[in-house]
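Reading the structure
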Amino acid sequence: MLGVCYYPEHWPETMWAEDARRMVALGISHVRIGEFAWSRIEPRRDAFDWGWLDRALNVLGNAGLKVVLGTPTATPPKWLMDEHPDIAPIDEEGRPRGFGSRRHYTFSSQTYWRESARIVEAIARRYGEHPAVVGWQTDNEYGCHDTIMSWGAEDLRAFRQWLRRTYQSTDQLNEAWGSVFWSMEVTEFDQVSLPNLTVTETNPATRLDFRRFQSQQVAAYDRMQCDIIRAHSPGRWTTTNMMGFFTEFDHWPVGENHDFVSWDSYPIGFVERFPFSEDERNRWATTSHPDIAPFHHDLYRGIGGGRFWVMEQQPGPVNWAPWNPVPKPGMVRLWTWEALAHGADVVSYFRWRQMPAAQEQMHAGLNLPGLQELSVGGREAESVGRELAGLGALPPNEQASVALVFDYEAQWVLDIQRQGADFRYFELAFRWYEAVRTIGLDVDIVRPGQSLEGYRLVLVPSLPTVSDAAEQAFRDSSAVVLYGPRTGSKTRHFSIPDQLPPGALRDLLGIRITEVSSLRPGLSEAVDGLVSGAAIRWVEHMDVASTALAHFADGHCALAANGRHHYLAAWPDARLLSTTLELLCKRADLKAHALPPGIRMRRRGSLHFAFNYGAESWEIPNDVELVLGERILAPQGVAIWRV
Amino acid sequence: MLGVCYYPEHWPETMWAEDARRMVALGISHVRIGEFAWSRIEPRRDAFDWGWLDRALNVLGNAGLKVVLGTPTATPPKWLMDEHPDIAPIDEEGRPRGFGSRRHYTFSSQTYWRESARIVEAIARRYGEHPAVVGWQTDNEYGCHDTIMSWGAEDLRAFRQWLRRTYQSTDQLNEAWGSVFWSMEVTEFDQVSLPNLTVTETNPATRLDFRRFQSQQVAAYDRMQCDIIRAHSPGRWTTTNMMGFFTEFDHWPVGENHDFVSWDSYPIGFVERFPFSEDERNRWATTSHPDIAPFHHDLYRGIGGGRFWVMEQQPGPVNWAPWNPVPKPGMVRLWTWEALAHGADVVSYFRWRQMPAAQEQMHAGLNLPGLQELSVGGREAESVGRELAGLGALPPNEQASVALVFDYEAQWVLDIQRQGADFRYFELAFRWYEAVRTIGLDVDIVRPGQSLEGYRLVLVPSLPTVSDAAEQAFRDSSAVVLYGPRTGSKTRHFSIPDQLPPGALRDLLGIRITEVSSLRPGLSEAVDGLVSGAAIRWVEHMDVASTALAHFADGHCALAANGRHHYLAAWPDARLLSTTLELLCKRADLKAHALPPGIRMRRRGSLHFAFNYGAESWEIPNDVELVLGERILAPQGVAIWRV
Amino acid sequence: MLGVCYYPEHWPETMWAEDARRMVALGISHVRIGEFAWSRIEPRRDAFDWGWLDRALNVLGNAGLKVVLGTPTATPPKWLMDEHPDIAPIDEEGRPRGFGSRRHYTFSSQTYWRESARIVEAIARRYGEHPAVVGWQTDNEYGCHDTIMSWGAEDLRAFRQWLRRTYQSTDQLNEAWGSVFWSMEVTEFDQVSLPNLTVTETNPATRLDFRRFQSQQVAAYDRMQCDIIRAHSPGRWTTTNMMGFFTEFDHWPVGENHDFVSWDSYPIGFVERFPFSEDERNRWATTSHPDIAPFHHDLYRGIGGGRFWVMEQQPGPVNWAPWNPVPKPGMVRLWTWEALAHGADVVSYFRWRQMPAAQEQMHAGLNLPGLQELSVGGREAESVGRELAGLGALPPNEQASVALVFDYEAQWVLDIQRQGADFRYFELAFRWYEAVRTIGLDVDIVRPGQSLEGYRLVLVPSLPTVSDAAEQAFRDSSAVVLYGPRTGSKTRHFSIPDQLPPGALRDLLGIRITEVSSLRPGLSEAVDGLVSGAAIRWVEHMDVASTALAHFADGHCALAANGRHHYLAAWPDARLLSTTLELLCKRADLKAHALPPGIRMRRRGSLHFAFNYGAESWEIPNDVELVLGERILAPQGVAIWRV
């Protein structure tokens, strides 16, 4: 199904009915509204103006549209900020981050919790049972613009409370953090300070706890909103819209607050936000890299418990990347189909019409700025609407054969302590995902500790802290498992495990890591054996009680296996990664074959999708029956057949 | 004529008379003094010490020199800053910018207006009718060191007043800014905050208004000084000295305050301040790029209403660029002649003698540090003095055939909203200017809205906001006109025009821009047709009701013409730019021919100048009668003939 | 002799005796403890806990180890910081640098002097005559993490006092600083402000004085600690541990406080801290550049008055560089022998055992994290222990033939006023040192003004301010002397000397510098004559009354000689540097021959050492009698023979 984001408050009321009619004509079933409208709903404290929103809901509902109502907490109005300066977040340099854009609040502000509850309740009470309203979105893009962390007095107060709850005594805190080092011990919780503005790096254990604390605040704040909505809006679902390449809070617990999760898919802008090479950036500048959106579809489907929406789909050039090219013709359609192929219930475009004023005036919409006339992207959405109508309901998504374990805490741990400047967890996870997708396999992205039943191959790019549940899930799995470097390298309190890494996985893997080496970009270490290629960025030296499958040139073991469990003691270059996956697929009895560059596949139930992100046409095998597209899959083309 | 900047307060009084004598001997007629001497004029509040300045003026006047007296407001003394901390500017991060260098005041400080008026009046009263004083310079280099913008309480107060005057009501403010977006609406002007220290980007309309406000403050502050001077110094002119590559305030209104404007020409240092390629930077490191000084001569001649001075001319290596090489032998002479060729009344060297102490001790002067002995640059100035004496008075400057429209607001708009990281207005304007100069044409730089009568070719590299006056001037012109990308793309309130860009010029051009695309450095789009080359950085897609003269490879029109009015929907690479200009010159019936690299021409009345910035000699056509120089124009050479 | 750094407070008391036993078994004689233990010694004000430290000293002493006791002033505990916020340093942006790491104090804090004296006296009283204690280390790594400079109210107060003492009157201050420039004059010392947060660059004379002031504070603070220790610990020596590539305070006066100085040698991490080319960084990534540690050995031997220790020797990969590779096998042994060859009394490894928690958990030790099991580096240290036992006491170090004059003030002056962005004094000094070492010569690094008696060749890479003592030492020397660019270019008050550079050395050298030119990276000037190559980065034009030995292409003199005194008017490229040294060695009658890349030599009394940092083996001349190593010196190999 298709959706769209709409802002009735931006347009003359006289345009609304025609807008709604044209949405329906385009094949749109869902419309999201309201998430930035606080200053229109409550222009002054307690002076609510519901009239316009009543009318907007009626117009949309009367046209047959289902409304997703957003809570407006991402944009507290100026009168509220002036009343309560403690709402503002404080940046890492100690400066208030003021009014004038959005997300100007800290999750630690007690005032803001109270005010958020007040506005959410007012809206939920008024519209909770409105017939047009089918669901709710809480807030908008938690964490956007670096807003998870805040470094002010409110945050310090709340962090000390969290530590008191977590550690009970300062002795336990000092012990957990190793505070004896550099005389960092405290004798009262009120002596704890935030890990910013220090002379040199702060204790990594403190930084990790500060991230956990902030992340848990997000989940709790979000749950507070959900609880209020549920109390006043029976039978409606809730969701929240997440972002791409964003790891500042743990998304899994937030996912548990909701019926499903959503994410905002801007494939082109993201090309500049990932450490691609310049060559890759040029190659994918107007199509996006073929695994960016899919990675997130698979990730958020996992976080959503098997269901997800794209709440905001890029409909043309946007405004926020360093460069904002027009997508290649056909890409808006392709991205929409790709999302559906990965199991999306709804793909909702952002936004119905380009807004001619304010910050996002250069962000395309389905309609030209200020006009009731479709843009290029609008016409592509129209095609999808037609095609979807022709195909009927899509089959449900099914479990993949391959699972990739993704952990937000891994990102934090490895970011807090890179040890090599280019050891970036997300990059490693993404490159492993890409490698599996380029051999035609579907992937589920799973949470550590989640059951691995039913998977044939499990990939763990890195998992520095291994919980008891995660260890148990690995032990219980019958899959072939590949663990990457630094897995098991830290305890929960950010120290090196007793008896060395991989800590709790030592027996399962039959290895012990005695030394690690980070390599500057000019350096690498050759690897040879059952797999081959080179280690870049990172090499580990290990004692191996199990089987060595490949070695570095200096004789150290590079890939060890203990039955189904494999450990790769390196950041692999492309060849080492692909030969390793080839070996592992064989061991997992999975059929894999390399796809041409730019071609990707995805199965959704009985439907098999093929996408061409590349510059060359590709011939689809003869023996399939196409239900969409041509046998010669042209650049930017989509094909679907039944299996 | 030649001038020089002199600081009697830096030298023992015993040196003054000999300095004055040697100036005159060198051919110098004008000397600028006093602009940093506040702490010597008024060492403590109201304790004026006029004696030294009385004597200095007399010594200089007695030697026959004409004195330009500077107001010392660029350097308020410490006692004043300690009395009134509200004078200090506040940086964008919220920190006071303290005493210890110069320009430590905000234009918003009411205290500083009062104190400036006080010191200017004191000096103007004392020396307004001194026979040696022929003119005045207000302040010094407004805006140098990023001092136009300030972000403190004084600035906020003044900005709110300005908004109140401009918009009358907050409803009109909210409407103009599109504040409904992200709930940015205010209900009182005192709710407005400055557009800094926000979570993410602020409203571009706010930023544009903040720039206009600050710019207007500069003009008003400058006018305040001019008014005081005029009241006390009958028959003297005023000027102020502007800078290179500097656009933080609108220079046109400041120019209106004065009899003429001046600028400070440091051709070599500027090579590092413009986004040249590394190759260009190496090639021009010791001569300067041949269009840097000329561009500014033509710009400030325009701003000065047809008259300008070079108030500070680089006389050798300076101290403030990342690298400060010795200029190639002859360049000080060449730069001086180039300024005169472009119409300068006076070229005044900075400074008479290198100062052995303090911040600028590595800045060359006409004399060696602390000595009464000419430097290399001093000897070159001496040559010009002799040559000028030989030539007699130079003829008046005449209008060129080509006008280039330059707009400070264009710089602000496109800087506030680059949309592509390398869309830099000044760079675009400079490259268009360079392209015209390399085909031997003289250029006038004009203000949008100014009459275009008498021009055959008008170039508008970009003009996002088109005022009514500008539109009328284009309509009234009989010239061939070329408009560049993003012209007409914004309303006065920084939004996309109704019915899309180019807004008010839509009918004149017969086009409508529906989509824009910014391209990262690795990408380009080929253009072919009556002109050819490639678009880099920026491409626009347009609906064309007029004639398409060239197309992009994907079929979109790249160059459209509606009669004499042409629109180029791209940032042109060098070839696209030169073929376009070739076509336009032909249509304007202008004779143009490519000059060898490094050769430039300029006409001043009956005199024709040629300059060689390059490394190869060039043979001047046989049929001219040289009044200066040789027929073989050697590197760093100057030639003049009559036409 | 070998030593080690040990933290009994980090480990269960039950491990101490076995640790001590294993140290002795490894050949370790000295152990440093205590320098970060304030929070364990005094967990709350005046609540001292001596028990654990009593027992630790006894365990170590009973095992036969000699203890170096550190004062814990680098890590004031949280209760103290909460009591006295004025202790915290203020960064250049005006923000307090808070608790949470180390070195969170400013040397200007009167409170902290009092508190430091209190804790040092308490420790010195208790352990001053403990039989295991043989010496003391004051504080730890003065200045680490940019902590020499602080910019707060305490610093301003102390700076004004220092200026009052130094200049007596503001007239003299204004005169010395040239404050008349830009009206920077003051009439009271309390008008002086710190040279930060100004609009543009501050007066270089102010900045230089601010650095001198801060540097003198370090020496005085350190002397305060030494005086207390000496009063309570008769017969023990003191030292302090200095760092690599660190010049923020003048180390020579601090050296005078102590019996000898120490330094902390981390050869690999330093490769990323020096402006090497990428090629060099890759080549030396796992061995270190062969002159980094030696340069510092020679420097700190000089500062220590002929004696030095390596207090912290890198034992494997560390944690603080952008990349932290495992050193090549053998390098820990090689570095240890290299330090001994340069005259070190003791090489002390940092640290006994890798700490599994807190900031340095990825820093290798001689033992694996948390375990009583040697690491790779531990086993190499064990080899050195055995080899040292076999060789017996090493002979005393002797004076070298070559002296290199190194001046901390030169670094400050040239950093305050680079004039060319890549004019870096330390780099110049290091490259000159490297050039001498690659032709097999030993070097002493000496302080300007120190007697040069006994040297055949004296190198002065640059010495902008030449004190009377320095001038006298040059005049008295019978050595061939080579002065580099900018020598003599500034007075003590940071101005250009009367009659121009080289100031006081003008007569000695027979030259006068009239113009200087800094060249961007793409540019160079060829040099030819008795020496040849090219000038890069920096060229000077001089009047030469003495002999010109080589010229630039434009005819200016590049190398001038007045008898034994030579002046090089350029930053030399590698060829110009080597041909110049070749010429100078010949003139000094020194035998020099180029060594293969990566091979270095050093003599210590009768022992001749050879080291192979390269990738190729090297055959040692046949005629020597090896006492350690093989005739074929393999990569990472060490050889010793008697001469």
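This structure is a prediction, so every number in the text was calculated from the model and none was measured.

Each value, and the rule that gives it
- Residues numbered from 1 in each chain as written.
- Chains lettered and ligands numbered in written order.
- Predicted model: local features only at pLDDT ≥ 70, side-chain atom pairs only at ≥ 80, totals over all residues.
- Least-squares fit on C-alpha atoms with pLDDT ≥ 70 in both.
- Pairing = 2+ DSSP bridges.
- Helix = DSSP H or I, 4+ residues; strand = E, 2+ residues; numbered from the N terminus.
- Axes fitted to C-alpha atoms, helices over the stretch in contact; angles between N-to-C directions.
- Core = buried A, V, L, I, M, F, W, Y, C linked by C-beta atoms within 7 Å.
- Buried ≥ 20, exposed ≤ 12 C-beta atoms within 10 Å, placed from the backbone.
- Contact = placed C-beta atoms within 7 Å.
- Expected span 1.5 Å × (residues − 1).
- Nonpolar A, V, L, I, M, F, W, Y, C, P; charged D, E, K, R; others polar.
- Left-handed = near helix turned anticlockwise from the far one by under 90°.
- Domains from an automatic or database assignment.

This next bit is on the relation of the copies chain B and chain A. The transform that puts chain B on chain A rotates by 120° and translates by 0.0 Å along the axis, for an RMSD of 0.0 Å. Such a turn and shift between the copies fits a three-fold axis.

Time to look at the sheet that holds strand S22 (residues 607-612) of chain A. Residues and elements named next belong to chain A. The strand order S21-S22-S26-S24 describes an open sheet built from 4 strands, whose pairing is antiparallel. On the outer flanks of this sheet lie strand S21 (599-604) and strand S24 (626-628), each paired with one strand and no other. Across this sheet, the average inter-strand angle for adjacent strands is 30°, counted without regard to direction. Pairing of S22 with strand S26 (residues 638-642), which is carried by 5 bridges, proceeds in the antiparallel orientation.

Turning to the nonpolar core, a few remarks are in order. Core analysis: the biggest nonpolar cluster contains 600 residues, and Leu404 and Ala535 of chain A, Leu404 and Ala535 of chain B together with Leu404 and Ala535 of chain C have the highest contact counts within it. Setting aside its immediate chain neighbours within four residues, Ala535 of chain B contacts Ser524, Glu525, Val527, Phe552, Ala558, Ala570, Trp571, Pro572 and Leu576 of chain B.

All names here are of chain C. Along its 13 residues, helix H16 (residues 425-437) runs 18 Å from first to last C-alpha, staying within 8% of the 18 Å computed at 1.5 Å per residue. Of all 13 residues in H16, 10 are buried, a share of seventy percent or more. Considered for burial, the residues of H16 that qualify are Tyr425, Phe426, Leu428, Ala429, Phe430, Trp432, Tyr433, Ala435, Val436 and Arg437.

Let us look at the interface of chain B and chain A. On the chain A side, the residues contacting the 40 residues of chain B number 50 residues. Breaking the side of chain B that touches chain A down by element, the ones donating at least two residues are helix H8 (204-232) and strand S14 (511-518) of chain B. The leading source of residues in the side of chain B that touches chain A is S14 of chain B, at 5 residues. Classifying every residue of the side of chain B that touches chain A by side-chain character gives 16 nonpolar, 18 polar and 6 charged.

All names here are of chain C. Here Ala20 is to be found in helix H1 (residues 16-26). Measuring from C-alpha to C-alpha, the distance between Ala20 and Pro356 comes to 20 Å, with 336 residues separating the pair along the chain. Ala20 has contacts with Val59, Leu60, Ala63 and Leu65, leaving out every residue within four places of it along the chain.

Turning our attention to the packing of helix H8 (residues 204-232) of chain C against helix H15 (residues 408-416) of chain C. Residues and elements named next belong to chain C. It is at 10 Å that the axes of H8 and H15 come closest, and there the two elements cross at 145°. Note on packing geometry: the crossing formed by H8 with H15 is right-handed. For the pair H8 and H15, the contacting residues are Pro204, Arg207, Leu208 and Arg211 in the first and Trp412, Val413 and Ile416 in the second. Of the residues in the contact of H8 with H15, the class split is 5 nonpolar, no polar and 2 charged.

With 40 residues of chain A in contact, the opposing surface of chain C contributes 50 residues. Within the residue set of the side of chain A that touches chain C, elements represented by two or more residues are helix H8 (204-232) and strand S14 (511-518) of chain A. Ranked by residue count, the leading element in the side of chain A that touches chain C is S14 of chain A, at 5 residues. Looking at the side of chain A that touches chain C, its residues break down into 16 nonpolar, 18 polar and 6 charged.

The next subject is the domain arrangement of chain A. Residue and element names in this part refer to chain A. Domain annotation of chain A identifies domain 1 (2-147 + 217-391), domain 2 (153-205), domain 3 (402-588) and domain 4 (599-642). Each side of the interface is counted separately: domain 1 has 13 residues, and domain 3 has 16 residues. The biggest single contributor to the side of domain 1 that touches domain 3 is helix H12 (residues 292-303), with 5 residues. Broken down by class, the residue content of the side of domain 1 that touches domain 3 amounts to 7 nonpolar, 3 polar and 3 charged.

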